[in-house]
Amino acid sequence: MNILLQQLKENPFLLAPMAGITDVAFRSFMKDMGCSIVITELVSATGLKYNSRKTIDLMRFSQNQHPIGIQIFGDNLEDLAFAASTVEDSGADFVDLNFGCPVPKVVKKGGGAAMLKDLKKVEQVFQTVKAATTLPVTVKIRTGWDDISRNAIELSHIAYNEGLTWVAIHGRTRSQAYKGMADWDYIAHVKSYSKIPIIGNGDICTAKQAVDNLLNTQCDGVMIGRGCLKNPWLFIESLDLLNSKQRDFRNLDSPTFNFESVFQSLDKSYSTYATERVRNLQLKKLSSWFSAGLPESSQFRKNIFQAESHAEITEQITSFFKPYNNLSIKSFNNDGFLMGGHG
Ligand SMILES: Cc1cc2nc3c(=O)[nH]c(=O)nc-3n(C[C@H](O)[C@H](O)[C@H](O)COP(=O)(O)O)c2cc1C
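J.: Residues and numbers for the nonpolar core, please.
T.: The biggest cluster of nonpolar side chains holds 102 residues, and the ones touching the most others in it are I72, V95, V167 and I224. Counting the residues that make up this core, at least three belong to each of domain 1 (3–245) and domain 2 (259–324). With sequence-adjacent residues up to four places away left out, V95 is seen in contact with G69, I70, I72, A84, V87, V129, T133, L135 and V137.

J.: Pulling in residues and values, what's your account of the environment of A182?
T.: By secondary structure assignment, the location of A182 is in the loop between β6 (167–170) and α9 (184–193). Placed 19 residues apart in sequence, A182 and N201 show a C-alpha to C-alpha distance of 7.6 Å. Residues within four places of A182 in sequence aside, it is in contact with H170, G171, R172, G202 and D203.

J.: Report on the domain arrangement of the chain, specifying residues and quantitative values.
T.: Segmenting the chain into domains produces domain 1 (3–245) and domain 2 (259–324). The centre of domain 1, based on its C-alpha atoms, is set 29 Å off from the matching centre of domain 2. Elements with a contribution of two residues or more to the side of domain 1 that touches domain 2: α2 (24–32) and α11 (227–230). Looking at which element gives the most residues to the side of domain 1 that touches domain 2, the answer is α2, with five residues. Residues belonging to the side of domain 1 that touches domain 2 are distributed by class as follows: five nonpolar, one polar and two charged.

J.: Please set out the pairing of β6 residue by residue, giving values where relevant.
T.: Side chains V167 and I169 project from β6 onto one buried face, and the interleaved A168 and H170 project onto a second face that is buried too. Summarising the sheet, strand β5 (residues 137–142) and β6 pair through four bridges and their orientation is parallel. Each bridged residue has a counterpart across the sheet, and for K140 the counterpart in β6 is A168. Crossover connection from β5 via helix α8 (residues 152–161) to parallel β6: handedness right-handed. Alignment of β6 against strand β7 (residues 198–201), held across four bridges, turns out to be parallel. Residue pairing across strands places V167 opposite I198, the latter belonging to β7.

J.: Break down the packing of helix α10 (residues 207–217) against helix α12 (residues 234–245) for me, citing the residues and quoting the values.
T.: With their axes 8 Å apart at the nearest point, α10 and α12 run at an angle of 50° to one another. It follows that α10 is oblique to α12 by the angle criterion. Remark: the crossing between α10 and α12 carries right-handed chirality. Note on element contacts: α12 touches α10 through L234, E237, S238, L241, L242 and K245, opposite A207, K208, A210, V211 and L214. Grouping the constituent residues of the contact of α10 with α12 by class yields seven nonpolar, one polar and three charged.

Procedures and definitions
- Residues numbered from 1 in each chain as written.
- Predicted model: local features only at pLDDT ≥ 70, side-chain atom pairs only at ≥ 80, totals over all residues.
- Core = buried A, V, L, I, M, F, W, Y, C linked by C-beta atoms within 7 Å.
- Buried ≥ 20, exposed ≤ 12 C-beta atoms within 10 Å, placed from the backbone.
- Domains from an automatic or database assignment.
- Contact = placed C-beta atoms within 7 Å.
- Helix = DSSP H or I, 4+ residues; strand = E, 2+ residues; numbered from the N terminus.
- Nonpolar A, V, L, I, M, F, W, Y, C, P; charged D, E, K, R; others polar.
- Pairing = 2+ DSSP bridges.
- Right-handed = clockwise from strand over helix to strand, strands pointing away.
- Axes fitted to C-alpha atoms, helices over the stretch in contact; angles between N-to-C directions.
- Parallel < 35°, antiparallel > 145°, perpendicular 65-115°, else oblique.
- Left-handed = near helix turned anticlockwise from the far one by under 90°.

Next comes the structure, spelled out in structure tokens:
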């Protein structure tokens, strides 16, 4: 069995790619927090030809992140083939195609979710990319372009015939952008009609939702994005809950719910992989998201963004989170949270 599917059997909870967030440092941190497979944010296949510093940085990963996928987007077949072989040369484990990005700048050029409008082109892209690499190829899509043209089932058939490893589905159409809720019933429907492994994605905020959706849809994995930005333990909790439901107590460390160690691990990761400026910025951003649902979090958010030095940021974080170190389950919802992104 392909190593990706093997990995999903051990841990079916994947980290969703999020541009500007799931960089090398964040992925490394989330691996420590129990997530399974990780994927970089989207990288332009055409941009890859120019080998810019920014692109190289987007493709950077560390050894603890295997198996890791690099996500590419574009509509030019030659560029996509070149990008797929570049991914293979980088030492990554698989190529992920972005067919879900709703952003006008991307879809106007025929990339991202625009692919969903042309299944002939989809087939050509799958064939071209498969021919350009020996690595497994996966794709991340939306349920369709709009409500009347949902075609995830047809697309999944093509993906299966062309030998892709899985189809990950964000349960909204491109027209919906981030409005409404992800349609997990539709994801279940696609799963029931598909021979290819299906990964479900959208609006998972709690371990219960992650496990219920995994079991109810019979999906092969559940991909989590924004939820882990508010609850850093979401992956550990989900795996723990799944294993307890399946009465399979493998050697899992139980979640510690200790903010102090979370911030230590986060800080270590950013000090290893990022500049001081980025490290401070990410600590501010992530601590303010992690404070969601806790009393006085809005005051904390104001304070943390005024802190300047690393010492000041650490001091603010330590004093705010200290009373919550033995917290069990954090409650929050995703209403209106980060309603925009590239997939
Ligand atoms: C800020 C942001 C950036 C995103 N960037 C990407 C991306 O680069 N590639 C991609 O396939 N999806 C991207 N997405 C979409 C997520 O992977 C995911 O499909 C979406 O957020 C729904 O899942 P969630 O509710 O668990 O966050 C992004 C989402 C957000 C919020």
